[in-house]
Amino acid sequence: MEMTGVSLKRGYLVVEGNDCMGPAEEIKKQKVSECCLPKDGDRLDSDCLPTSETEPKTPEVVSAGKGKKNSGAQLEEEEEEDGFSEEGEEEEAESFAEMMKHGLTELDVGITKFVSSHQGFSGILKERYSDFIVHEIGKDGQISHLDDLSVPVDEEDPSEDVFMVLTTEEKQQLEELQLFKNKETSVAIEVIEDTKEKRTIIHQAIKSLFPGLETKTEDRAGRKYIVAYHAAGKKALANPRKHSWPKSRGSYCHFVLYKENKDTMDAINVLSKYLRVKPNIFSYMGTKDKRAITVQEIAVLKISAQRLAHLNKCLMNFKLGNFSYQKTPLKLGELQGNHFTVVLRNITGTDDQVQQAMNSLKEIGFINYYGMQRFGTTAVPTYQVGRAILQNSWTEVMDLILKPRSGAEKGYLVKCREEWAKTKDPTAALKKLPVKRCVEGQLLRGLSKYGMKNIVSAFGIIPRNNRLMYIHSYQSYVWNNMVSKRIEDYGLKPVPGDLVLKGATATYIEEEDITNYSIHDVVMPLPGFDVIYPKHKISEAYREMLTMDNLDIDNMRHKIRDYSLSGAYRKIIIRPQNVSWEVVVYDDPKIPLFNTDVDNLEGKPPPVFASEGKYRALKMDFSLPPSTYATMAIREVLKMDTSIKNQTQLNTTWLR
């Protein structure tokens, strides 16, 4: 997993939040690794689909310059590059930094305060993917690890031959039949070496690898054929056959997924593509971000551990293991949090500064701000779109999403926006997009379908989670600003009129109860129709902020039910659990500074550190509850601005 080269050409901040639900990216095809190709070259393992290109392991580089405020954000390369010369890197960095002058800073989204008094220092976050590892904490409180690749023994599983018996051409024909991509109603496969055992294996291969297809044996002119056909129409693909699953076995195969450089939905799209099933048969407790190594539990309906384990031979940047059969799927939100292992490389802080910073993180914690990822990266923040939705200003919603904007974007999006500004023709603008699944493409498709006078229905084509992301971004924007004001006015102690939770119910702190609470008990509301506000001047600050945005804090119900905000409560200070750290020295910036689960499975010895070296790194471990942002914890340690705008300028300086 060696990472080399740097490109700062196009990028955006990715914050490692525990519950970040962004729109899934277009799925990128992965090349089948050589282990899937037998020596004769004419057959592939049946779960290894050959596809056009592999996704490269691009580096994560985020550096902090020499200054008090530094950023631990990261830049994401959105297009594969073969690498640049040093001169090219500098030019690209200059160009990107220039574009990001229009991006957001922390100040723009209300992130202004720190809780600790130590002096900040510089460090580089995510110089390598392996510098940022996330392990899910399950509902039982256990940290998920990939440490067992064995498959549960099950006599009812088919033989391994089912993965090798079909040719590439036969698999292609069967897949097209399964997905209704041709006019044929069946596919006939000749049994070359006709034995009952051979026929049985072909039957098993088709039924297990292509859900929704049934098989029968036919004699044609003295030759035996296995004929595949649809069992139950188009619904069969979504519902794996009930009768093919052993009754004694739980319906769901749970497994631990180790992934690199893929968000959770992307990963599930890849797995479903290789398994030839619909993504909705997978379930999980929380989404994990792309630009990291992450380990989490996944459940899938009626796909055997044997078949899942076979994907380990085919997929790069994935590993599946710790298989078990259970009666129930997983549900969003069931997790207890995430455990982070983070390396900040090339730190400038003294040992005393590091000690003060980490002790403060362990004992006091950090302000539970929503991180920069919540608000987008271009000159049009997501909270502005959310505000327009809540105002019922649909023309503004359309314009904010589609109008030309300053900042870093892919070329085809720039052309699409230019076409829209020039013609206001959704069909013409849509033709400029090679990728139609992005929000802009979905909205344009909706406008083409419903017309410019029905923007509400056109916007409704965008998946619900993505639409709600905008209004949640506005809630987060208000919350960040109000928490900063609360800490500025009242400091880090509870005061009468603050809110605390008793069970799920918010109650006020009274004067006589003040000694019963600490700042770690205090919550503040995200605005909505089903919350109460503090009984001090911050309540009026909420009202003023919403009034300035032409919203009525007393009426947060929307005429479209989906956009009615009930509100919620969020702790203002989070104290991480299981905090530990060490400062290590190293000479080679490419060496990993700790082992991953896959390293441990492969028996790699942990790195050994010298007592002296060119560079110093801070290795930190901590656990966070769901819906909190690790970069906000790191911000508190380094005392830095995590915005991509600030970070890009620092990176440009650092590259020189």
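Relevant structure appears above.
These notes cover the structure that comes with them. (Residues numbered from 1 in each chain as written. Predicted model: local features only at pLDDT ≥ 70, side-chain atom pairs only at ≥ 80, totals over all residues. Heavy atoms only, no water.)

The helix and strand inventory of the protein chain stands at 17 helices and 18 strands. Burial status across the protein chain gives 54% buried among its 656 residues. Once local pairs closer than 6 in sequence are excluded, the contacts in the protein chain between residues at least 24 apart make up 79%. (Helix = DSSP H or I, 4+ residues; strand = E, 2+ residues; numbered from the N terminus. Buried < 20%, exposed > 50% of the residue type's maximum accessible area, 1.4 Å probe, protein only. Contact = heavy atoms within 4.5 Å.)

Taken in spatial order, the 3 strands make up an open sheet running β3-β5-β4, and their pairing is antiparallel. Sheet topology places β3 (186-190) and β4 (213-220) at the edges, where each strand pairs with a single neighbour. With direction set aside, neighbouring strand axes in the sheet form an average angle of 25°. Across 8 bridges, the pairing between β4 and strand β5 (residues 223-230) is antiparallel. Opposite Lys 216, over in β5, you have Val 227 as the bridge partner. (Pairing = 2+ DSSP bridges. Axes fitted to C-alpha atoms, helices over the stretch in contact; angles between N-to-C directions.)

Time to look at the sheet that holds strand β13 (residues 505-508). Read from one edge of the open sheet, 4 strands run β13-β12-β14-β15, paired in antiparallel fashion. With one partner strand each, in any of the chains shown, β13 and β15 (568-571) form the two edges of the open sheet. If you compare each strand with its neighbour and ignore which way they point, the axes differ by 55° on average. In this structure, strand β14 (residues 522-526) lies alongside β15, joined through 4 bridges in antiparallel fashion.

Next up on the list: the nonpolar core. Phe 459 and Met 620 are the most contacted members of the largest nonpolar core, which totals 97 residues. For this core, the leading source of residues is helix α13 (residues 464-490), giving 12 residues. Each of domain 1 (106-132 + 340-368 + 574-655) and domain 4 (467-571) accounts for three or more of the residues forming this core. Excluding anything up to four places from it in sequence, Met 620 contacts Phe 340, Thr 341, Val 342, Leu 344, Met 358, Leu 361, Ser 580, Trp 581, Ile 634 and Val 637. Judged by nonpolar contacts, the second largest core, of 27 residues, contains Cys 253, Phe 255, Tyr 274 and Tyr 284. (Core = buried A, V, L, I, M, F, W, Y, C linked by side-chain atoms within 4.5 Å. Domains from an automatic or database assignment.)

The next subject is the pattern of salt bridges. Applying the stated criterion to the full structure yields 21 salt bridges. The partner of Glu 218 in a salt bridge is Lys 216, with the nearest N and O atoms 3.5 Å apart. We classify Glu 218 as partly exposed; its relative accessible area is 24%. The partner of Arg 220 in a salt bridge is Glu 218, and the shortest N-O contact between them spans 3.1 Å. Look at Arg 220 and you get partly exposed, because its relative accessible area is 35%. What you see here is one network of salt bridges that share partners, running through Lys 216, Glu 218 and Arg 220. (Salt bridge = Lys/Arg side-chain N within 4 Å of Asp/Glu carboxyl O.)

A separate point is the side chain of Gln 353. Relative to the helices and strands, Gln 353 is located in helix α6 (residues 351-363). Leave out the neighbours within four places in its chain, and Gln 353 touches Gln 119, Gly 120, Phe 121 and Thr 348.

What follows is about the environment of Trp 581. Here Trp 581 shows up in strand β17 (residues 577-586). For Trp 581, a relative accessible area of 22% translates into the label partly exposed. Sequence separation between Trp 581 and Asp 621 is 40 residues; the distance between their C-alpha atoms is 6.2 Å. Setting aside residues no more than four positions away along its own chain, Trp 581 makes contact with Val 354, Gln 355, Met 358, Asn 359, Lys 362, Leu 618, Lys 619 and Met 620.

Inspection of the secondary structure puts His 203 in helix α3 (residues 196-209). For His 203, a relative accessible area of 17% gives the class buried. Note: C-alpha distance between His 203 and Lys 216 (13 residues apart in sequence) is 7.8 Å. Among all residues touching His 203, those that are not within four sequence positions of it are Thr 215, Lys 216, Thr 217 and Ile 226.

Per the stated rule, a full pass over the model turns up 0 disulfides. Cysteine Cys 416 is unpaired, with the sulfur of Cys 438 as its nearest cysteine sulfur at 7.1 Å. (Disulfide = S-S within 2.5 Å.)

Packing of α13 against helix α14 (residues 537-548) leaves a shortest axis separation of 10 Å and a crossing angle of 145°. By crossing handedness, the relation of α13 to α14 is classed as right-handed. Where α13 approaches α14, its residues Tyr 474, Tyr 477, Val 478, Trp 479, Asn 481, Met 482, Lys 485, Arg 486, Asp 489 and Tyr 490 are matched on the opposing element by Lys 537, Ile 538, Ala 541, Tyr 542, Met 545 and Leu 546. A breakdown of the residues in the contact of α13 with α14 according to their chemical character gives 11 nonpolar, 1 polar and 4 charged. (Left-handed = near helix turned anticlockwise from the far one by under 90°. Nonpolar A, V, L, I, M, F, W, Y, C, P; charged D, E, K, R; others polar.)

One can find Gly 337 in strand β10 (residues 337-345). In the structure, Gly 337 is positioned 51 residues away from Gly 286 in sequence and 8.9 Å away in space, judged by C-alpha atoms.

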